[in-house]
Amino acid sequence: MRLSTKARMNRMFTNGKCLDVALDHGVCNEPSFLAGLENMPDVVDALIRARPDAIQMAYGQADLLQARPEKDKPALVMRIDMGNPYNSQRHRVMWSMLQNADEPIIGALEMDAACVVVNLFMLPDEPELFRQCVENISRVRAACHRYGMPLMIEPLVMLPNDVRGGYQVDGDAEKIITLVRLASEMGADIIKADPTEHAEDFHKVVEAARVPVLVRGGGKEDLKVVLNKSAALLKTGVRGLVYGRNIYQHSNPKAVVGALMALIHNEASGDEAWDIYNRG
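Since the model is a prediction, treat every value here as computed from it, not as a measurement. (Residues numbered from 1 in each chain as written. Predicted model: local features only at pLDDT ≥ 70, side-chain atom pairs only at ≥ 80, totals over all residues. Heavy atoms only, no water.)

What about the overall build of the chain?
Within the chain, the regular secondary structure consists of 12 helices and 10 strands. Along the longest, intermediate and shortest principal axes, the C-alpha atoms of the chain span 50 × 40 × 35 Å. Here the chain, with 280 residues, has 54% of them falling under the buried criterion. Sequence separation of at least 24 residues holds for 68% of the intrachain contacts in the chain that already meet a minimum separation of 6. Looking at the chain as shown, the accessible area adds up to about 12,600 Å², and 49% of this sits on carbon and sulfur atoms. Averaged over its 32 positive side-chain charges, the chain has a centre that lies 4 Å from the centre of its 37 negative ones. (Helix = DSSP H or I, 4+ residues; strand = E, 2+ residues; numbered from the N terminus. Buried < 20%, exposed > 50% of the residue type's maximum accessible area, 1.4 Å probe, protein only. Contact = heavy atoms within 4.5 Å. Areas by Shrake-Rupley, 256 points an atom, 1.4 Å probe, with all protein chains shown as cover. Lys, Arg positive; Asp, Glu negative; His and termini not counted. Charge placed at Lys NZ, Arg CZ, Asp CG, Glu CD.)

What follows is the structure in structure tokens.
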């Protein structure tokens, strides 16, 4: 790994571990994701005070973090693609594209991001969507290598819409492992992966990746359930978590961040993290 790439990753990972709070949901064009994100300046201000390791944002909102004067503010992880697979209804044409097709990471360089993130969608009967994602990653990988920018790939295996509706994770371990292996083969520096249905299987995902793996949160759940699931996943060799709605749609995001940081950095149990949350 190039020194410039490693230096950026060091800003994102604290002693090799990371809580990345995802706020890049506006690019999904899905109204349900925006509850809790109506006032982005206030959301970012609250999260900076909560002190996660990183905040994940798109270019148009990244100034809310990077214009801040604090020296020790969270690192910026920048989303540089967008698509329509997150909507509740399946579209006639499914697509994923880079936000800047000509210079895909120029915005991340401009905003001094620590990392960029790109999707790798695997939806049933959507080979063209998959091809677009592979093409996106190929272009971004070349740009990242040129400028020493870490690349986070987000492999997403989704269920058919007629099973549970739109944007539902398929927790099949074999499918996730296979797609994570593809992301690794394409040159990911970090992989943001869905949890497997059974947490004890996730060590196979970590082994397939051969780079730091962060677990993706997905939809909002009961917080105690989230903390216990997260604790189990972190025991498999995971290097951190990327959670969005389970933080920003909560009534006390700062307390949730504190509990998750204890899981990641202090190896707290799910019950201990729950106690930390209640004290927050």
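Re the packing of helix H7 (residues 173-185) against helix H8 (residues 202-209)
Close contact between H7 and H8 brings their axes to 8 Å; oriented N to C, the two are set at 20 degrees. Taken together, the axes of H7 and H8 are roughly parallel relative to one another. Crossing angle aside, the handedness with which H7 passes H8 is right-handed. For the pair formed by H7 and H8, the contact residues are Ile 176, Ile 177, Val 180, Arg 181 and Ser 184 on the first element and Lys 204, Val 205, Ala 208 and Ala 209 on the second. (Axes fitted to C-alpha atoms, helices over the stretch in contact; angles between N-to-C directions. Parallel < 35°, antiparallel > 145°, perpendicular 65-115°, else oblique. Left-handed = near helix turned anticlockwise from the far one by under 90°.)

Observations regarding the side chain of Ser 96
Here Ser 96 is to be found in strand E5 (residues 96-98). For Ser 96, a relative accessible area of 4% translates into the label buried. Discounting chain neighbours no more than four positions away, the residues touching Ser 96 are Asp 81, Met 82, Gly 83, Phe 121, Leu 129, Gln 132, Cys 133 and Asn 136.

Topic: helix H1 (residues 3-12)
Every buried residue belonging to H1 is among Thr 5, Arg 8, Met 9 and Met 12, and all of these are buried. Looking straight down H1, one finds its buried side chains confined to an arc of 100 degrees; they lie on one side. (Arc of directions from axis to C-beta.)

Some remarks on the pattern of salt bridges
Opposite charge on two side chains allows them to pair when their charged atoms are near. Going through the model one piece at a time under the given rule, you end up with 20 salt bridges. The partner of Glu 154 in a salt bridge is Arg 216, and the shortest N-O contact between them spans 3.1 Å. With Glu 154 in strand E7 (residues 151-157) and Arg 216 in strand E9 (residues 213-216), this pair connects stretches of sequence that are 62 residues apart. No difference in accessibility class separates Glu 154 from Arg 216, as the two residues are buried. One continuous salt-bridge network, built from bridges that share partners, spans Asp 24, Arg 79, Asp 81, Glu 154, Lys 192, Asp 194 and Arg 216. (Salt bridge = Lys/Arg side-chain N within 4 Å of Asp/Glu carboxyl O.)

Re the packing of aromatic side chains
In this structure the tally under the stated criterion is three aromatic pairs. Aromatic pair Phe 33 and Tyr 86: ring centres 6.2 Å apart, planes at 75 degrees, arrangement edge-to-face. With a gap of 53 residues between them, Phe 33 in the loop between strand E1 (18-22) and helix H2 (40-50) and Tyr 86 in the loop between strand E4 (81-83) and E5 connect regions that are remote in the sequence. The pair formed by Phe 33 and Tyr 86 is uniform in burial state, with each residue classed as buried. For the ring pair Tyr 86 and Phe 121, a centre distance of 5.6 Å and an interplane angle of 75 degrees mean the geometry is edge-to-face. Taken as a pair, Tyr 86 in the loop between E4 and E5 and Phe 121 in strand E6 (residues 115-122) lie far apart in primary sequence, 35 residues in all. (Phe/Tyr/Trp six-rings, centres within 6.5 Å; stacked < 30°, edge-to-face > 60°.)

Side note on the pairing of E1
Where burial is concerned, most of E1 is hidden: five out of the five residues are buried. Residues Cys 18, Asp 20 and Ala 22 of E1 are buried on one face, and the alternating residues Leu 19 and Val 21, pointing to the opposite face, are buried as well. In this structure, E1 lies alongside strand E10 (residues 240-243), joined through four bridges in parallel fashion. The residue bridging Val 21 from the neighbouring strand is Tyr 243, located in E10. Where E1 and strand E2 (residues 54-58) come together, three bridges link them in parallel fashion. Residue pairing for E2: Asp 20 is matched across the bridge by Ala 54. Of the crossover connections in this fold, the one passing from E1 over H2 to the parallel E2 is right-handed. (Pairing = 2+ DSSP bridges. Right-handed = clockwise from strand over helix to strand, strands pointing away.)

A closer look at the side chain of Thr 236
Turning to its location among the elements, Thr 236 is positioned in the loop between helix H9 (223-234) and E10. Polar contacts involving the side chain of Thr 236 include one to the main-chain carbonyl oxygen of Leu 233, which spans 2.6 Å. Discounting chain neighbours no more than four positions away, the residues touching Thr 236 are Ala 199, Phe 202, His 203 and Val 206. (Polar contact = N/O pair within 3.5 Å; in protein donor to acceptor, adjacent residues only side chain to side chain.)

Things to note about the sheet that holds E6
In spatial order, the strands read E1-E2-E3-E6-E7-E8-E9-E10; together these eight strands close into a barrel with parallel pairing. On average, each strand axis in the sheet is tilted by 25 degrees relative to the strand beside it, whichever way the strands run. Where H8 meets the sheet, it contacts strand E8 (190-193) and E9, and its direction lies at approximately 135 degrees from that of E9.

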